[in-house]
Amino acid sequence: MDDNVRDIGGHYLELASLLADGAYRLGYLPQLVAHQTLPKLNPDLSRDSRLDHLCIDARFAVRRMENWSLGVDGSSHVGRDIQGTPNDGALPERLWQTVCDGASRPARRPKAMLQSWASVFAESVLQFSPRPLDKIVVNTGGDFQLLALAHAVGELDRRGETGPMTIHVVFHFAVYETVVTARARAFGRQVNAAMAAMQGHRVHLHATTESLQQQLAAVGVDATAIPYPTRYRSGRQRESSSSNATKILLAGMPRAEKGRGQIYGLLESIERPLLRSGRFVWSMQLPPKRWQRMIPPSMQSGCDAKSPDQTERLADAGLEVLRGNLTSQAYHDWLDTAGIGLFLYDPGRYVARCSGVLLEMMIRGVPVIVPDGCWLADQVRQAEHNGPIGWIYRSVDQIPEILNTAEATLAEINANCRRHAAHIAAYHSGKNSLLKMGIDDHAAASVRQAS
């Protein structure tokens, strides 16, 4: 189940397809309940090779449930009950939250979103009619979504049409930034109240990073840490270039938490010494509209739209631009051309949050440049016992100097990265993610029985 899966771009469908592939390898027949716009936005969805073993039921009408979370990515300030009504905190805070709820668009109000999500979940479960060995996985969970889940499970229990269910909920987003706040403690109370309402079922919570698991524990929530899966690539296909320019690749559509506001200034500082000189090529996706705020005027003439299969350097600017969302194949082919993966992420938002793009770079053996004080820097440091696999910066102002000196050690770091890629491929697979959740390997059991 994932209400966020509504387009082929981004990591929601990628995560779903990787978990589905892992489930298939474990002997299950996976089915994805996604957002109802998925087939409408992607009429050629059946051609996506990631979905070969995945039946899709496009049903959800709401998405981005984390918008009403008490965590870092949400806007709620007090806890709620499983109907969505504020019920935690001082009376003035609850009244103010009620006012904020009412100021939202009707379809985006928390009670409406909770009811809509819970209704789709209940309908899907009744159609699925789970048997004892079947598993339900909520791919993108959180505190507010858990309320909707408890609401749906309560409705199913009242109707008496299902027996005890096994449900796994995967948490991705940070609870707090640096210290446990009152909102974070309310987050914990809200999650535990929802869990208590589902005591008749086997509901398991998981976190996609060790640091997120520790944050959940700090607010009283019991969860297991699991690896976030990434897609295996047998090897990178670097494009040939007479200039031998190293490609700096920023993967994914730029967003606020991914450094959208930092791109313009950084490009200005490296344009002449590093890009126009032919030492590096800057490669990124741009939205069809309002991209000018990210590109200095002196480089905008090189921002003509390119088809995803073109990877040569744009004339003189040291700039490569891809427009809009890419197909899975085009996206992964593009990542295969990376020389260095650059991450301008907000460390506060990623303090305990996994980056799928970082894993995609690591599994290719690509050196990375990441911000300090977050999960990304933790991964780079953990790999350093076998040699450095990249660079960590405390300020974006340090990046030009990192790039200026990177060429001297790039060959050594590349070798370290290729060795580390084998670990990433083994640990961060969809199959291993499900095994770490405690999901049984039916395929192996069938082989043992046959033997």
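Attention here is on the structure that accompanies the text. (Residues numbered from 1 in each chain as written. Predicted model: local features only at pLDDT ≥ 70, side-chain atom pairs only at ≥ 80, totals over all residues. Heavy atoms only, no water.)

A tally of regular secondary structure across the chain gives 15 helices and 12 strands. Relative to its length of 451 residues, the chain is compact, with a C-alpha radius of gyration of 23 Å against a globular reference of 22 Å. In terms of its C-alpha atoms, the chain occupies a principal-axis envelope of roughly 70 × 65 × 45 Å. Each of the 451 residues in the chain was classed as buried or not, and the buried ones make up 55%. Looking at the chain alone, contacts between residues at least 24 apart form 74% of all its contacts between residues at least 6 apart. Total accessible area on the chain stands at roughly 19,600 Å², and carbon and sulfur atoms take up 49% of it. In the chain, 49 positive and 46 negative side-chain charges are present, and the distance between their average locations comes to 2 Å. (Helix = DSSP H or I, 4+ residues; strand = E, 2+ residues; numbered from the N terminus. Rg over C-alpha atoms; globule rule 2.2 N^0.38 Å. Buried < 20%, exposed > 50% of the residue type's maximum accessible area, 1.4 Å probe, protein only. Contact = heavy atoms within 4.5 Å. Areas by Shrake-Rupley, 256 points an atom, 1.4 Å probe, with all protein chains shown as cover. Lys, Arg positive; Asp, Glu negative; His and termini not counted. Charge placed at Lys NZ, Arg CZ, Asp CG, Glu CD.)

Buried within helix 7 (residues 210–218) are the following residues: Ser 211, Leu 212, Gln 215 and Leu 216. Taken around the axis of helix 7, the buried residues stretch over an arc of 145°, which confines them to a single face. Those residues of helix 7 that are buried lie in contact with strand 4 (166–171), helix 6 (182–196), strand 5 (202–207) and helix 11 (375–382). Taken from the residues just after helix 7, Gly 220 is the one with a positive phi, measuring 85°. (Arc of directions from axis to C-beta.)

What follows concerns unusual backbone geometry. Look at Arg 64: it is not a glycine, yet its phi comes out positive at around 55°. The topology assignment puts Arg 64 in the loop between strand 2 (55–60) and helix 3 (91–103). Of note in this structure, Ser 129 is not a glycine but carries a positive phi near 50°. Tracing the chain through its elements places Ser 129 in the loop between helix 4 (110–128) and strand 3 (136–141).

With that settled, consider the nonpolar core. Grouped together as the largest cluster of nonpolar side chains are 75 residues, with contacts concentrated most on Trp 282, Ile 295, Leu 342, Phe 343, Met 361, Leu 376 and Leu 403. Contacts of Met 361, omitting those with residues within four sequence positions, involve Leu 249, Ala 251, Leu 335, Ala 338, Gly 341, Phe 343, Val 366 and Val 368. One finds Val 72, Ala 152, Ala 194 and Leu 212 within the second-largest nonpolar core, a separate group that totals 50 residues. (Core = buried A, V, L, I, M, F, W, Y, C linked by side-chain atoms within 4.5 Å.)

Before going further, it helps to examine the sheet that holds strand 4. Strand order in the open sheet formed by 4 strands is 3-4-5-6, and the pairing between neighbours is parallel. The strands lining the two open edges of the sheet, one partner per strand, are strand 3 and strand 6 (224–225). (Pairing = 2+ DSSP bridges.)

Attention now moves to the packing of helix 1 (residues 11–25) against helix 14 (residues 430–437). Where helix 1 contacts helix 14, the axes come no closer than 7 Å and their chain directions differ by 75°. Classified by the interaxial angle, the pair formed by helix 1 and helix 14 is roughly perpendicular. Mapping the contact onto sequence places Leu 18, Leu 19, Gly 22, Ala 23 and Arg 25 in helix 1 and Gly 430, Lys 431, Ser 433 and Leu 434 in helix 14. Taken together, the residues that form the contact of helix 1 with helix 14 break down as 4 nonpolar, 3 polar and 2 charged. (Axes fitted to C-alpha atoms, helices over the stretch in contact; angles between N-to-C directions. Parallel < 35°, antiparallel > 145°, perpendicular 65-115°, else oblique. Nonpolar A, V, L, I, M, F, W, Y, C, P; charged D, E, K, R; others polar.)

Our focus in this paragraph is the environment of Glu 210. As for its position among the elements, Glu 210 is in helix 7. The class of Glu 210 is partly exposed, set by a relative accessible area of 48%. With 165 residues separating them in the primary sequence, Glu 210 and Trp 375 have C-alpha atoms 9.0 Å apart.

Another point: the environment of Leu 403. By the secondary structure assignment, Leu 403 is in helix 12 (residues 399–406). On the basis of relative accessibility, which here comes to 1%, the residue Leu 403 falls in the buried class. Separated by 129 residues in the primary sequence, Leu 403 and Leu 274 place their C-alpha atoms 8.1 Å from one another. Apart from residues no more than four positions distant in its own chain, Leu 403 is found in contact with Ile 248, Ile 270, Leu 274, Arg 279, Phe 280, Ile 340 and Ile 369.

Taken in spatial order, the 6 strands line up as 9-8-7-10-11-12 in an open sheet, and their pairing is parallel. The outermost strands of the open sheet, each flanked by one partner alone, are strand 9 (319–323) and strand 12 (390–393). In this sheet, neighbouring strand axes are inclined to one another by 20° on average, regardless of whether the strands run parallel or antiparallel. The pairing of strand 10 (residues 340–342) with strand 11 (residues 368–371) spans 2 bridges and is parallel. By the bridge assignment for strand 11, Leu 342 is matched with Ile 369. Against the sheet, helix 11 makes contact with strand 11 and strand 12, and its axis sits at roughly 130° relative to strand 11, the strand it touches most.

These figures capture arrangement, not role.
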